[in-house]
Amino acid sequence: MSQFLATVLQVNIYVQPVYLSLAIIFNSLNIRILSSRTLRSSPCTHYFIANAIFNIVYASLLCPISFARGFSIDWTLNPIGCKIQKYFVYLLPILAKAMLVLASFDRYCSSSQLHRLSSQSTVRTARIIIIITTISGTIYEIPMFLMYYFTESTRTCFQDANAFNNIYVFSQVTLYYIAAPLSMIVFGILTISNTKKQMTRIGPEVISGHGRRTESQLTRMLLLQVTVHLVLTVPFGIIYSMNAFDSSTITTYIQAIRYAMLMWQECD
């Protein structure tokens, strides 16, 4: 074990309890605020609540694992734990990011002047989409159980290198680190454009009601979350792609960087 990796694992002992507490407190606070009668009437709010729930579950799973590793305790270093840990560590961020993409699309639909798009922005539709997306993501990540295996000699969890796994990893990288961020950026730009066009057409004084202020607050909240999410996840995506397609890049130094980046992602 490199000195850098050992240092990161030791830092986890002090940092992970703080991260876990902050993740639970702030995401719970978000859920409490978003559950108010005013905000709950917006479909976008339900995507934010789902995102917060996935973030809490992710932190509640990852923080104890990282904390225990600081004491050389790792329940994932066995054939079953290896697969379960990999499955949930990649499933939960994908579901959380999917909620942000859906929230971005909802903001675009609600700001559109096309009735066909604006009519799609309803609470009932949002709830159905959240359920379908969660089920689809859960099924999509099932190959993670088959990709990773535990080697007793080195006591490490490795990805099996074959054509199917490479194709699947490529789809993960494409969806999670390319398509999803681009979708959020595009829908964000379109939402801002639609809002400016509407203000130009009917004037800001006409759309300054309470409902419009709520919509504006949700849009600003979405833009902030998307920006933070991109900053925290893109660097990890680059390293994950390197490790997935070239196993020789999986060094103790890179492992230390990945652990450190996972800590930053918990702040999302």
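Basis of the calculations
- Residues numbered from 1 in each chain as written.
- Predicted model: local features only at pLDDT ≥ 70, side-chain atom pairs only at ≥ 80, totals over all residues.
- Heavy atoms only, no water.
- Helix = DSSP H or I, 4+ residues; strand = E, 2+ residues; numbered from the N terminus.
- Contact = heavy atoms within 4.5 Å.
- Areas by Shrake-Rupley, 256 points an atom, 1.4 Å probe, with all protein chains shown as cover.
- Core = buried A, V, L, I, M, F, W, Y, C linked by side-chain atoms within 4.5 Å.
- Buried < 20%, exposed > 50% of the residue type's maximum accessible area, 1.4 Å probe, protein only.
- UniProt positions renumbered as here; feature names shortened; annotations may be inferred.
- Phe/Tyr/Trp six-rings, centres within 6.5 Å; stacked < 30°, edge-to-face > 60°.
- Lys NZ or Arg CZ within 6 Å of the ring centre and 35° of its normal.
- Patch = residues over 30% accessible without salt bridge, like charges linked within 9 Å, V, L, I, M, F, W, Y side chains within 5 Å.
- Salt bridge = Lys/Arg side-chain N within 4 Å of Asp/Glu carboxyl O.
- Axes fitted to C-alpha atoms, helices over the stretch in contact; angles between N-to-C directions.
- Parallel < 35°, antiparallel > 145°, perpendicular 65-115°, else oblique.
- Left-handed = near helix turned anticlockwise from the far one by under 90°.
- Nonpolar A, V, L, I, M, F, W, Y, C, P; charged D, E, K, R; others polar.

Draft legend 1. Inspection of the overall build of the chain at higher detail. On a plain count of helices and strands, the chain comes out with 10 helices and 2 strands. Each helix and strand of the chain, placed in order from N terminus to C terminus, yields the pattern α-α-α-α-α-α-α-β-β-α-α-α. Relative to all contacts within the chain whose residues are 6 or more apart in sequence, the contacts with residues 24 or more apart total 79%. As displayed, the chain has an accessible area near 13900 Å², and 70% of this comes from carbon and sulfur atoms.

Draft legend 2. How the structure looks around the nonpolar core. Counting residues in each nonpolar core, the largest one holds 40 residues, and the members touching the most others are Tyr47, Phe48, Phe54, Met99 and Met144. Broken down by secondary-structure element, the contributors of at least two residues to this core are helix 3 (43-69), helix 4 (79-111), helix 6 (123-140), helix 7 (144-147), strand 1 (148-151), helix 8 (163-202) and helix 9 (210-245). The element best represented in this core is helix 4, accounting for 15 residues. Non-local contacts of Phe54, meaning those with residues more than four positions away in its chain, are made with Leu92, Leu95, Ala96, Met99 and Thr134.

Draft legend 3. Quick look at the UniProt feature "transmembrane region" (unreviewed entry) in the chain. Taking the UniProt record as the reference, the feature "transmembrane region" (unreviewed entry) is found at residues 13-35, 47-67, 87-105, 126-150, 170-192 and 222-242. Counting secondary structure, residues 47-67 comes out at 100% helix and 0% strand; the distance between its end C-alpha atoms is 30 Å. With 100% helix and 0% strand, residues 87-105 has end C-alpha atoms that lie 27 Å from one another.

Draft legend 4. Main features of the packing of aromatic side chains. Enumeration according to the criterion identifies 7 aromatic pairs in this entry. Here the aromatic rings of Phe105 and Phe187 are separated by 5.2 Å at their centres, their planes lie at 65°, and the arrangement is edge-to-face. You can see Phe105 sitting in helix 4 and its partner Phe187 sitting in helix 8, a full 82 residues away along the chain. Relative to Tyr168, the ring of Tyr140 lies with its centre 5.2 Å away and its plane at 40°, an arrangement referred to as tilted. Of the two residues, Tyr140 is situated in helix 6 and Tyr168 in helix 8; the sequence distance between them amounts to 28 residues. Overall, the relative accessible area of 25% leaves Tyr140 in the partly exposed class. Using a relative accessible area of 6% as the deciding quantity, one classes Tyr168 as buried. What links up through ring pairs into an aromatic cluster is the set Tyr87, Phe88 and Phe145. Over the ring of Tyr176 we find Lys97, and its NZ or CZ is 4.0 Å from the ring centre.

Draft legend 5. Representation of a nonpolar patch on the surface. Side chains of Val18, Leu22, Ile25, Phe26, Leu29 and Ile33 sit close together on the surface and give an oily, nonpolar patch of about 550 Å² of accessible area. The residue Val18 is located in helix 1 (residues 3-34) in this model.

Draft legend 6. Inspection of the packing of helix 4 against helix 6 at higher detail. Here helix 4 crosses helix 6 at 150°, and the two axes come no closer than 10 Å. Judged by the inter-axis angle, helix 4 sits roughly antiparallel to helix 6. Seen from above, helix 4 lies across helix 6 with right-handed handedness. Residues Tyr87, Leu91, Ile94, Leu95, Ala98, Met99 and Leu102 of helix 4 form the contact with helix 6, whose participating residues are Ile129, Ile130, Thr133, Thr134, Gly137, Thr138 and Tyr140. A breakdown of the residues in the contact of helix 4 with helix 6 according to their chemical character gives 10 nonpolar, 4 polar and no charged.

Draft legend 7. Structural detail: the environment of Gly70. Take Gly70: it is sitting in the loop between helix 3 and helix 4. Here the alpha-carbon distance between Gly70 and Ala6, two residues 64 residues apart in the chain, equals 8.1 Å. Sequence-distant contacts of Gly70, that is, excluding residues within four places in its chain, are made with Leu9, Gln10 and Ile13.

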